[in-house]
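# Observations on the model geometry
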Amino acid sequence: MSADHDILHPTLTFSHGIHPGEYKELTEHCRIERMPFVEEYILPLSQHLGAPNKPLVQVGSKVKRGQKIADPGGFVSVALHSPVDGTVKAIGLAENPGGQMVQSIFIKADSFSTQQLSPSVPKSYEDMDIREFISSVQDAGIVGLGGAAFPAHVKFSIPEGKTCRYIMLNGCECEPFLTSDHRTMVEFPDEVIDGTRILQHFLKAEKIFIGIEANKPDAVKILTEKAKTSGLPIEVVPLVVKYPQGAEKMMITAILGKEVPTGKLPVDVETLVTNVSSIAAISQWFRKGQPLIERVVTVTGTAIKRPANVLVPIGTSMRHVVEWCGGITSPSLGNTRILLGGPMMGMVQKSLDTPVVKGTSGILVLTSNEVKDLSQYNCIRCSRCLDACPMHLNPSLLGMLAKKGIWEEMEENHVLDCFECGCCSYVCPSGIPLVQSFRVGKSIIREQKAKQKDKKN
């Protein structure tokens, strides 16, 4: 069987899941273009999982592009850097993409600056020990760029007593519409391989897998060629096109045939999973001294005049990004639906005035005809949600428990294993907002656990 045939007809996948329309054709062939610098940037101090940042600057402070402007707020936190040369205009509340008002740093760009990065390249990684490496990655502000924005250095910190036999680079990008990871693999394969080399230097995994869905044959081809000459134990693995193939537990099942036990993490099956764009950012930091001050964003949807993949400075208003792509086809925002991310797990936005943050993988704008508010009916016990759930949960039961507020029983039925992929809501013929009810239930359960822990302490 030829290699091309293997790419087109892969067999590795997980059980359950769904097959939504891909809609990749809007941007999959669009080369990454740089977003011009704008007048003002808003940098929320909470734009990753974990503790918020602690500002290092004051109103009136002059800042340089790439300069650290906020320290991590704890171990599960990363540094924040200025995306431009400019002046700190204010430090105050601003709305983040999640809809919360959070402390933010407002920077007015220097209109006379060339905005050229003058990096201070960190010490050679080959001269570092593992603790110095972890600290350096934290200082670079690097998080998971697939959307979750989990601090990369935390993931790279293998707990004592655990081992990392396998490194998996996640190039699946299974969300419909999004192509930022795809274009990163095609246009920056050397950075992907180099970032892998740096990580492998410290973790010394016996095998490295790059999992890519088969709808990206150009990425599979170019990374396969690069892997052959890398000297690293890399295998590029084409995977079946299915949602949510890019979830780390699904990738592990597809490639290794192992299941991560309930309540456990990939490291418990000796595996580390990280996003391909995050790995490329590792290379940019250690080779060029560039912290995470910009990221590739897919700007797409039928309501965008010119869909594109855009390299956007963190803190840029979505409005400026959309305008750079020609604007919205509909005359008013009332006729559109805006999401940060893809249609399955993305966050709906009420305006275009929130900033692009580290976890912004895409800006998706759809017409009102494509997004319909479904009428909600009672569960008909059709079991479609059971067949779709990649975690083999019972969404129908969990939904009924959530409706009645029986949180303890929800936990007993493993609701905390749900990663809110949206498969159950997608297939539900009754239009029940299952994921939303699980999100509420999980939040209440965690709050109760925290209170119980406080009482014990």
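Before reading further, recall that the structure is shown in the block above.
Report follows, based on the coordinates. Please read these numbers as outputs of a predicted model, since none were measured by experiment.

## What to know about unusual backbone geometry
Residues Tyr243 and Pro244 are joined by a peptide bond in cis, for which omega reads 0°. Structurally, Pro244 can be placed in the loop between strand E11 (234–239) and helix H7 (248–256). One non-glycine residue, Lys204, lies in positive phi territory at about 50°. Its place among the elements puts Lys204 in the loop between helix H5 (189–203) and strand E10 (207–213). Taking relative accessible area as the criterion, Lys204 reaches 60% and is therefore assigned exposed. With a phi close to 60°, His392 is a non-glycine residue in the positive phi region. Examined against the element boundaries, His392 turns out to sit in the loop between helix H10 (384–388) and helix H11 (395–404). The class for His392 is partly exposed, based on a relative accessible area of 48%.

## Section: empty space enclosed by the protein
In this approach a probe as big as a water molecule rolls over the atoms, and the regions it shows empty are the leftover space. One pass over the full model with this rule turns up 2 cavities of 30 Å³ or more. Within this model, the largest cavity holds a volume of roughly 110 Å³. Around the largest cavity, the lining comprises 15 residues; the ones closest to its centre are Cys389, Pro390, Cys418, Cys421 and Cys424. Counting only elements with at least two residues in the lining of the largest cavity, the list comes to H11, helix H13 (423–427) and helix H14 (434–456). Of the residues in the lining of the largest cavity, the class split is 13 nonpolar, 1 polar and 1 charged. Here the second largest cavity defines a volume of roughly 40 Å³. Around the second largest cavity, the lining residues are Ile142, Ala281, Gln284, Gln290, Pro291, Leu292, Ile293 and Glu294. Each residue belonging to the lining of the second largest cavity can be placed in one class, and the counts come to 5 nonpolar, 2 polar and 1 charged.

## A few points about the sheet that holds strand E3 (residues 54–55)
Paired through backbone hydrogen bonds, the strands of a sheet run either parallel or antiparallel to each other. Pairing within the open sheet is antiparallel, and its 3 strands lie in the order E3-E5-E6. Here the strands that pair on one side only, and so sit at the sheet edges, are E3 and strand E6 (80–81). Across 2 bridges, the pairing between E3 and strand E5 (residues 68–71) is antiparallel. In the sheet register, Lys54 faces E5, and the bridge partner there is Asp71.

## Details of the pattern of salt bridges
For the structure shown, the criterion picks out 25 salt bridges. Of the charged contacts, one joins Asp71 and Lys68 as a salt bridge, the two residues approaching to 3.0 Å between their closest N and O atoms. Residue Lys68 is classed as partly exposed on the basis of its relative accessible area of 28%. Taking the shortest distance from any N to any O, the salt bridge between Glu206 and Arg165 comes out at 2.9 Å. Within this pair, whereas Glu206 is found in the loop between H5 and E10, its partner Arg165 is found in the loop between helix H3 (152–156) and strand E9 (166–170), the two being separated by 41 residues in sequence.

Rules behind the numbers
Sequence order as written defines residue numbering, which begins from 1 separately in each chain. Two thresholds apply to this predicted model, a pLDDT of at least 70 for residue-level local features and 80 or more for giving and counting side-chain atom pairs, whereas whole-chain, interface and lining totals are computed over all residues. Water and hydrogen atoms were dropped before computing side-chain values, which therefore reflect all heavy atoms in the structure. Secondary structure elements are defined from DSSP: runs of H or I of at least 4 residues count as helices, runs of E of at least 2 residues count as strands, and each element is numbered from the N terminus. Burial classes follow relative accessibility: with a 1.4 Å probe on protein chains only, a residue under 20% of its type's maximum area counts as buried, one over 50% as exposed, and anything between as partly exposed. Site definitions follow a grid-based scheme: protein atoms alone, a 1 Å grid, a 1.4 Å probe that fits but cannot get out for cavities, and for pockets an open set with protein on both sides within 12 Å along at least five of seven lines, plus lining residues having an atom within 4 Å of a point. Grid points are joined across faces, edges and corners, and a volume is the space filled by probe spheres set on the points. Ten residues, namely Ala, Val, Leu, Ile, Met, Phe, Trp, Tyr, Cys and Pro, are considered nonpolar, four, namely Asp, Glu, Lys and Arg, are considered charged, and the remaining ones, Gly among them, are considered polar. At least two bridges found by DSSP between two strands are what make those strands a pair. For this analysis, a salt bridge means a side-chain nitrogen from Lys or Arg found within 4 Å of a carboxyl oxygen belonging to Asp or Glu.

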